[in-house]
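Summary of the model geometry
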Amino acid sequence: HRLRKLGILTPELLYMSKKIIIEEYIEGGNLYSMFERKGDVSFASQAGILTARLHKAGLVFLDNKSENYLVDGHNQLIRTDLGFIMKENSVFSRSMDIASFLASIMDLSSSRYHTIHNTFVRAYMNETGKSCPYLYIILRNIMALALTSNRVNTFVNLLKS
């Protein structure tokens, strides 16, 4: 309920045990796939706003990859994979959230990556009224090497950053 109050939509939890979590099915695809198919980059703005709202509430996702956002049939972002959410407000943890999102898309084409990066960061800063935590760039670069599916694009984007 706390996430909904922040404007962060999540799938409905249908069942949970010590070993199994079953959430409602959201028709649509994940945000990374949409970006890969040349979908609307304004979703990067939505992700930046949702990340900023969580940070303003003193929480972090810690695993804020674009794959952990679903785009539903109403063009709303739905945040999944909530297992790592925690109450934390350190520069490092906020930087990890921003870095994991940006690292997860770093293997897109250079112009696409930079447009999405700038859109996300601008939306985050507008929502928080502050600049992004400074560690995100270093963490993004380290994480990108582990998350990449296209090493050439990732290296080009690293060199241009």
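Structure: above.
Position numbers for residues start from 1 in each chain and track the written sequence from start to end. This being a predicted model, a pLDDT of at least 70 is required before a residue's local features are given, and a value of 80 or more before pairs of side-chain atoms are given or counted; all residues contribute to the totals for chains, interfaces and linings. Hydrogens are left out, water is left out, and the side-chain values use all remaining heavy atoms of the structure.

Topic: the pattern of salt bridges
Side-chain pairing between opposite charges can occur once the charged atoms of the two side chains come close. In what follows, salt bridge is the name for a side-chain nitrogen of Lys or Arg lying within 4 Å of a carboxyl oxygen of Asp or Glu. One pass over the structure, following the stated rule, counts three salt bridges. Ionic pairing is found between Lys56 and Glu127, a salt bridge with its closest N-O pair at 3.4 Å. In this pair, Lys56 is assigned in helix 3 (residues 42-56) and Glu127 in helix 5 (residues 110-128), connecting sequence segments 71 residues apart. Think of it in three bands: with a 1.4 Å probe and only protein chains considered, a residue is buried below 20% of the maximum accessible area for its type, exposed above 50%, and partly exposed in between. Taking the relative accessible area as the measure of exposure, Glu127 reaches 23% and is therefore partly exposed. Taking the shortest distance from any N to any O, the salt bridge between Asp63 and Lys65 comes out at 3.4 Å. Under the relative-accessibility criterion, Asp63 is labelled buried at 14%. A run of H or I in DSSP becomes a helix once it reaches four residues, and a run of E becomes a strand once it reaches two; helices and strands are each numbered from the N terminus.

Comments concerning the sheet that holds strand 3 (residues 29-30)
One requirement defines pairing of two strands: DSSP has to find at least two bridges between them. Read from one edge to the other, the open sheet built from three strands follows the order 3-5-6, with strand pairing classed as antiparallel. Of all strands in the sheet, those with a lone pairing partner are strand 3 and strand 6 (77-79), marking the two edges. In this sheet, strand 6 lies alongside strand 5 (residues 69-71) in antiparallel orientation, the contact comprising three bridges. By the bridge assignment, Val71 is partnered in strand 6 with Leu77.

Thoughts on the nonpolar core
What we call a nonpolar core is a set of buried Ala, Val, Leu, Ile, Met, Phe, Trp, Tyr and Cys residues that are connected through their side-chain atoms within 4.5 Å. Counting residues in hydrophobic clusters, the biggest one holds 37 residues, and the most contacted among them are Leu31, Phe35, Phe101, Leu102 and Ile105. For this core, the elements supplying multiple residues, two or more each, are helix 2 (31-36), helix 3, strand 5, helix 4 (91-104), helix 5 and helix 6 (136-147). Contacts are assigned to residue pairs with any non-hydrogen atoms lying within 4.5 Å of each other. Excluding its chain neighbours within four sequence positions, the residues that come into contact with Phe35 are Asp40, Val41, Phe43, Ala44, Phe101, Ile105, Leu108, Arg112 and Ile116.

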